[in-house]
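The primary structure of each chain is shown beneath.
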Amino acid sequence: MRWTDRKRKLFMPLSTIVTILILTLLAKFELINNYFQTIIVTICINAIMSASLNIVNGYMGEFSCGHGGFMATGAYISSVVSLILFKDGNSITGHALLPESLAVLGFPICILTGGLGAMLVSLIVAIPSFKTRDDYLAIITVAANFIVTTAINNIPLVGGSRGLMGMKSVMNSMADVIDVPWILIWALIFAVLAIVSIHFLMNSTLGKGISAVKYDEISAEIMSVNTNSMKLIAFTFSSFLAGIAGGLFAHLLGFINPSSFGIMKSTESLVMVYLGGMGSLSGSVLSAVVFTILLELLRPAQILKWVIIPLILILIMEFHPEGIMGSKELTKVFPRLKKLFPINKNEIRNSEESEGGAA
């Protein structure tokens, strides 16, 4: 029996909501302990970072190496906003502007504010970088990463090199209102929203314009594609998502300092993009899962893991440059999944016709 269009549209949203509810209940009743909750949240953060960087490095074909700087911007801005609004005795204003109980409603606003801050910083970086490509863009974004972390290092109001803390108390105040694992819930929600938004962006007319820059920028301009606008949209949206990941990261740990967002954080994002596959959203999610688990397994290696991570990138580029998925999506590897992720009616009709012919 063939699925109706209504069932197709409802299956993924409903299954996603059910999955989030199941994980929340398992965490609430301690069937998933704090350690595994942290791993799940870290996977969500890494999935956002990997998928967002893939917009620029994969779909658009540029080479950005400073994603850690945008993550730092989002982490600090969202942390400062949440502390000022909801934490009494914070190191910035000394008292909260709003009752702690309102943190439940205000938390997503804090995270989105961090994303918007990262978008603004990326705009400052992107505009003078329009005429650069490849290695030159990589150098500019690496420089931007160092500028952001060095600037934060020299701002005593946010702790400077000592770091900023207190975000855990905001999360605890949310739990006092409704005792559920809030950071897990919001990490899952933001990860789903980020992946879905990238999916729809890259399968839209705007997304086709972004992809056109990768294949031939001159030809794209001849075909009336405003390549500067495409670069601006891709770069700023990518940075916006990195800022959201940074905000979640800050509230997960409860403490951040500039060294957390150095060149190694940007390298981690690059490893995940190339491990998953350039231009593959499915690959970005899979690589986030694999990479996060790999980091946990390497935790006993301590400082050596920072040698192993860049080595992984070198080995990927040398022996398997296409990554896990290449440029393919799961719907290409498993055609039946097209029914669950319909992009247009022609795709659905073609998949059903092919199944009918096979039968």
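Just above, that's the structure.
What you see is a predicted model, and the numbers here were worked out from it, not measured in a lab.

Caption draft 1: The arrangement of the packing of aromatic side chains in detail. What the rule picks out here adds up to 6 aromatic pairs. Between Phe70 and Phe235, the aromatic rings sit 5.6 Å apart at their centres with planes inclined by 90°, giving edge-to-face as the arrangement. Taken as a pair, Phe70 in helix H3 (residues 67–86) and Phe235 in helix H10 (residues 227–253) lie far apart in primary sequence, 165 residues in all. Taken together, a centroid distance of 5.6 Å and an interplanar angle of 75° make the contact between Phe249 and Phe261 edge-to-face. You can see Phe249 sitting in helix H10 and its partner Phe261 sitting in the loop between strand S2 (255–256) and helix H11 (263–276), a full 12 residues away along the chain. Each member of the pair, Phe249 as well as Phe261, carries the same accessibility label: buried. What links up through ring pairs into an aromatic cluster is the set Phe107, Trp186 and Phe190. The ring of Phe249 has Lys265 sitting right over it, with the charged end atom 4.7 Å from the ring centre.

Caption draft 2: Highlighting the layout of surface pockets. Counted as a void, the second largest pocket has a volume near 560 Å³. Considering the residues around the second largest pocket, the lining is formed by 23 residues, among which Phe249, Lys265, Leu295, Arg299 and Lys305 are closest to the centre. Every element with two or more residues in the lining of the second largest pocket is listed here: helix H2 (34–59), H10, H11, helix H12 (281–297) and helix H13 (305–319). Considering each element in turn, the lining of the second largest pocket owes the most residues, 6 residues, to H2.

Caption draft 3: Structural detail: H10. Over its 27 residues, H10 runs 39 Å from end to end, which matches the ideal 39 Å to within 8%, given 1.5 Å per residue. With respect to burial, H10 is a largely interior element, 22 of its 27 residues being buried. Remark: Gly254 follows H10 within two positions and exhibits a positive phi of approximately 80°.

Caption draft 4: Main features of helix H6 (residues 167–177). Those residues of H6 that fall on the buried side of the exposure criterion are Met167, Val170, Met171, Ser173 and Met174. Viewed along the axis of H6, the buried residues span an arc of 155°, placing them on a single side of the element. Taken together, the buried residues of H6 touch H3, helix H4 (103–126), strand S1 (164–165), helix H7 (182–202), H10 and S2.

Caption draft 5: Representation of the packing of H2 against H7. It is at 9 Å that the axes of H2 and H7 come closest, and there the two elements cross at 20°. By the angle between their directions, the pair H2 and H7 is classed as roughly parallel. Viewed along their axes, H2 and H7 form a crossing whose handedness is left-handed. When H2 is examined against H7, the residues Gln37, Ile40, Val41, Cys44, Ile48, Ala51, Ser52, Ile55 and Tyr59 are found in contact with a partner set consisting of Ile183, Leu184, Ala187, Leu188, Phe190, Ala191, Ala194, Ile198 and Met202. Considered class by class, the residues forming the contact of H2 with H7 number 16 nonpolar, 2 polar and no charged.

About the criteria used
- Residues numbered from 1 in each chain as written.
- Predicted model: local features only at pLDDT ≥ 70, side-chain atom pairs only at ≥ 80, totals over all residues.
- Heavy atoms only, no water.
- Phe/Tyr/Trp six-rings, centres within 6.5 Å; stacked < 30°, edge-to-face > 60°.
- Helix = DSSP H or I, 4+ residues; strand = E, 2+ residues; numbered from the N terminus.
- Buried < 20%, exposed > 50% of the residue type's maximum accessible area, 1.4 Å probe, protein only.
- Lys NZ or Arg CZ within 6 Å of the ring centre and 35° of its normal.
- 1 Å grid on protein atoms, 1.4 Å probe; cavity = no way out; pocket = protein on both sides within 12 Å on 5 of 7 lines; lining within 4 Å.
- Points joined across faces, edges and corners; volume = space filled by probe spheres on them.
- Expected span 1.5 Å × (residues − 1).
- Arc of directions from axis to C-beta.
- Contact = heavy atoms within 4.5 Å.
- Axes fitted to C-alpha atoms, helices over the stretch in contact; angles between N-to-C directions.
- Parallel < 35°, antiparallel > 145°, perpendicular 65-115°, else oblique.
- Left-handed = near helix turned anticlockwise from the far one by under 90°.
- Nonpolar A, V, L, I, M, F, W, Y, C, P; charged D, E, K, R; others polar.

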